[in-house]
Amino acid sequence: MLNQLTISELTAKLARREVSAREATQACLDQIARVDGAIHAFISHDAADALAQADAADKELSQGGRTARCLLGVPIAVKDVLAVKNQPLNCASKILGNFISPYDATVIEKLKAAGAIVFGRLNMDEFAMGSSTENSAFGLTRNPWDTTRIPGGSSGGSAAAVAADECLASLGSDTGGSIRQPAALCGCVGLKPTYGRVSRYGLVAFASSLDQIGPFTKDVRDAATLLGVLSGVDPRDSTSVPQPVPDYAAALTGDIKGLKLGLPREYLIGGLDPEVKAAVDAAVKKFTELGAEIVEISLPHTDYAVATYYIIATAEASANLARFDGIRYGARVEGADSIELYARTRGAGFGPEVKRRIILGTYVLSSGYHDAYYLQAQKVRTLIRNDFLRAFEKVDAIVTPTTPTAAFRAGEKSGDPLQMYLSDIFTISCNLAGIPGISLPCGFTKAPKLPIGLQLLGQPFGEASLLKIAHAYEQSTPWHKEKAAL
Ligand code: GLN
C-alpha cells in the first residue's frame, strides 16, 4: 500500500511514473478514514486541498525530466504548532479559537519548495506542554500499537500518524523531548536538530532557547532527506546559524568502524524498565559487532536536568504565552475592562497544565526569586552543556534509552505532573545543551508488544554522523520494518 512506503520508496516510484501523487495521497486519506477514528492523530485535515496539491505535483511529474524537487508528490503532515498559510493553527488549545495562519513557517515554505504535499493538523499537548498528548483541548491521541496507551508527547499526533501510515512523514517540535519521546513510544524515527540548525520562524514559541523543529519518519534515510530540506540559516530567525548544510544522505555509508560511542553511567537509573534496558544493551552489542568502540563516560550533572528544564522552560513559556490575551488572536471572553477581559479569556482559554507552567514560570522570574531559581538554573544549564562538550572530546556520539519505559496507559500519569515530567529524563539534557538527538526503534516489549526507542546524541551540528550511526544500526536490525496491526 502506497501510504506504507518510505519517502525514498515513493519518490522512486513517482519518478518511474509507476504511481501518481494522487494515488499516494488518496492512500493516506483512505488510511485516515479507516483508522483515525481509533487513533485521532489528526485534529483536522483538508482532503480536497491535499488532492489538489497532489494533482499539481502529478502535472509537474508528467511534464517529465528529472526534477530537483526531492519531495515532489510526498504527503507530509504537520503538528498543530506550525503556521501553514490559510490553515487553522490552534496549538491544541481553545485560546486560539478560529485562528487561521496568514503565512507559512519557514519549514513549511521549504517543504512546499521541495514539492511536498503539506496537509493536516496533528494533535499535540496544548502549546507542546506534556509527554502524552493528554493535555490537548481536542481529545486524546491513541498509540497505534495499543489504543489503551498514550502515543507520547507533546508531538503525539505526529508520531502516531507516521506509525499508523496516515502520512509518509510528519513534522514536530522538541523542547525537552517532544519529538524523540513520542517517536520512541510509537516506533518511528524522530530527530531533534542542533539548536539553530532549523529556523523557528512560524513555530509558535514555547521555550525559545530550547525549541527546535524536526522530522518524524519511517526510516533513517528519510530523516536525512527531510533534515536536508529543513536546515539552513534564516534572516527571520536570528538564532538560526549560518552553518553549511551537508548532504546528509551521503553520510549514510553503513560504515561505523572505529567510531567511539559513549555510554553515560548516570543513565542507569532506578526507574529504567528491564525490557528497555535489555533492548539498549543488545543495541550496544550490535554496535560493537559493527566495529564501533564503546566507551564508558560520565555526565555528572544529569541529575539536575529535569529541575533545570522546568525552571527555564516555564520561565520562557510565561513570557511567550503573554501574547494570548484575547485582543490579538483567536478567542475572546469580554469583560468590564481590559484586565477583566485578559483574565477571563486566559482563564477560559488555557488548560490546567498550561496554567500551571505560566504560574511556575512567573514565580521563578519574580523579584526575590529570580536569582535563586532562574539565574541558578542558567548556571546549571552551562554545566550540563559542558558535561557533553567534555564527553565529545572522547566520543563521536552518546547512546542512551530514549525513555525509561515503553508507552504507558492513558490516565496512568495524568494526575501526577511530577511522574509525567520524569518520563523525559533521558531527552531533556539534549535541549539544555543545544545538541542534536535522534530516536530510532531498537526492539519491543513482549506483552503487550510495544516499541522501544534508542537515543543517539551528537556534537553540535554533528547530525551527519548521528544519521550515519543510526542508519548502520537500523540496516542491521529488523525493528523499523514492523507495523502495528490496525
Ligand atoms: N514533555 C516536556 C514538557 O512537557 C517536553 C515537551 C516538548 O518537548 N515540547 O515540557
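Residues numbered from 1 in each chain as written. Predicted model: local features only at pLDDT ≥ 70, side-chain atom pairs only at ≥ 80, totals over all residues. Heavy atoms only, no water.

Helix and strand counts for the protein chain come out as 15 helices and 11 strands. Against the globule reference of 23 Å for 486 residues, the protein chain gives a C-alpha radius of gyration of 21 Å, in line with a compact fold. Residues classed as buried in the protein chain amount to 59% of the 486 residues present. Across the protein chain, contacts joining residues at least 24 apart in sequence account for 76% of those joining residues at least 6 apart. As presented, the protein chain carries roughly 17900 Å² of accessible surface, and 54% of it is formed by carbon and sulfur atoms. Positive and negative side-chain charges of the protein chain, numbering 49 and 51 respectively, have mean locations separated by a distance of 2 Å. (Helix = DSSP H or I, 4+ residues; strand = E, 2+ residues; numbered from the N terminus. Rg over C-alpha atoms; globule rule 2.2 N^0.38 Å. Buried < 20%, exposed > 50% of the residue type's maximum accessible area, 1.4 Å probe, protein only. Contact = heavy atoms within 4.5 Å. Areas by Shrake-Rupley, 256 points an atom, 1.4 Å probe, with all protein chains shown as cover. Lys, Arg positive; Asp, Glu negative; His and termini not counted. Charge placed at Lys NZ, Arg CZ, Asp CG, Glu CD.)

As a matter of local geometry, the ligand sits amid 15 residues, with Thr-175, Gly-176, Ser-178, Tyr-309 and Asp-424 nearest to it. With respect to the ligand, the backbone of Ala-128 contributes an N or O atom lying 2.8 Å from a nitrogen atom. Between the ligand and Ser-154, the relevant distance is 3.5 Å, taken from a nitrogen atom to a side-chain nitrogen or oxygen of the residue. Contact with the protein chains covers 100% of the free accessible surface of the ligand, which is 290 Å². (Near = heavy atom within 4 Å. Polar contact = N/O pair within 3.5 Å; in protein donor to acceptor, adjacent residues only side chain to side chain.)

Looking now at empty space enclosed by the protein. Scanning all chains against the criterion turns up three cavities of 30 Å³ or more. Space inside the largest cavity adds up to approximately 90 Å³. Considering the residues around the largest cavity, the lining is formed by 15 residues, among which Gly-130, Gly-176, Ser-178, Tyr-309 and Asp-424 are closest to the centre. Looking at the second largest cavity, its volume works out to about 40 Å³. Partitioning the lining of the second largest cavity into residue classes produces four nonpolar, four polar and one charged. (1 Å grid on protein atoms, 1.4 Å probe; cavity = no way out; pocket = protein on both sides within 12 Å on 5 of 7 lines; lining within 4 Å. Points joined across faces, edges and corners; volume = space filled by probe spheres on them. Nonpolar A, V, L, I, M, F, W, Y, C, P; charged D, E, K, R; others polar.)

Another point: the sheet that holds strand E11 (residues 451-458). For sheets, the rule is that strands pair by backbone hydrogen bonds, running either parallel or antiparallel. Strand order in this open sheet of 11 strands is E1-E3-E2-E4-E6-E5-E10-E11-E9-E7-E8, and the pairing throughout is mixed. Each of the sheet's edge strands pairs with one partner strand only, and the pair in question is strand E1 (42-44) and strand E8 (293-297). Across this sheet, the average inter-strand angle for adjacent strands is 35°, counted without regard to direction. Sheet analysis places strand E9 (residues 397-401) next to E11, joined by five bridges and oriented antiparallel. Bridge pairing links Val-399 to Leu-456 in E11. Where helix H5 (residues 156-163) meets the sheet, its contacts fall on E1, strand E2 (75-79), strand E3 (117-122), strand E4 (169-174) and strand E6 (212-217), and the angle it forms with E4 comes to roughly 155°. Helix H15 (residues 463-475) contacts strand E5 (189-192), strand E7 (260-264), E9, strand E10 (437-444) and E11 of the sheet and is inclined by roughly 10° relative to E10. (Pairing = 2+ DSSP bridges. Axes fitted to C-alpha atoms, helices over the stretch in contact; angles between N-to-C directions.)

Turning next to the packing of aromatic side chains. Applying the stated rule across the entire model yields 16 aromatic pairs. For the ring pair Phe-42 and Phe-119, a centre distance of 5.7 Å and an interplane angle of 25° mean the geometry is stacked. Note that Phe-42 is positioned in strand E1 and Phe-119 in strand E3, a separation of 77 residues in sequence. The pair Phe-42 / Phe-119 is uniform in exposure class, with both members buried. Sitting over the ring of Phe-408, Lys-413 keeps its end group 4.5 Å from the ring centre. (Phe/Tyr/Trp six-rings, centres within 6.5 Å; stacked < 30°, edge-to-face > 60°. Lys NZ or Arg CZ within 6 Å of the ring centre and 35° of its normal.)

With omega at 5°, the peptide bond leading from Gly-153 into Ser-154 counts as cis. Along the chain, Ser-154 turns up in the loop between E3 and H5. A cis geometry characterises the amide bond from Ala-447 onward to Pro-448, with omega recorded as -5°. Summarising the element assignment, Pro-448 is placed in the loop between E10 and E11. The phi torsion at His-40 lies on the positive side, around 55°, for a residue other than glycine. Structurally, His-40 can be placed in the loop between helix H2 (21-39) and E1. With phi around 55°, Asp-165 is a residue other than glycine that occupies positive phi space.

Another aspect to go through is the nonpolar core. If you look at the biggest cluster of nonpolar residues, it comprises 146 residues, and the most contacted ones within it are Leu-71, Leu-111, Phe-127, Phe-287 and Phe-388. Element by element, the count of residues in this core is highest for helix H9 (residues 305-320), at nine residues. (Core = buried A, V, L, I, M, F, W, Y, C linked by side-chain atoms within 4.5 Å.)

In terms of residue burial, E11 counts as a mostly covered element, since eight of its eight residues are buried. Burial along E11 is two-sided: Pro-451, Gly-453, Gln-455 and Leu-457 and Ile-452, Leu-454, Leu-456 and Gly-458, pointing in opposite directions, are all buried.

All told, the structure shown has 24 salt bridges when counted by the stated rule. Between Arg-69 and Glu-60 there is a salt bridge, and its shortest N-O distance comes to 2.8 Å. A relative accessible area of 29% places Arg-69 in the partly exposed class. The partner of Arg-328 in a salt bridge is Asp-325, with the nearest N and O atoms 3.3 Å apart. You can call Arg-328 exposed: its relative accessible area is 55%. Using a relative accessible area of 10% as the deciding quantity, one classes Asp-325 as buried. Each of the salt bridges in this network shares a partner with another, and the network as a whole consists of Lys-13, Arg-16 and Glu-18. (Salt bridge = Lys/Arg side-chain N within 4 Å of Asp/Glu carboxyl O.)

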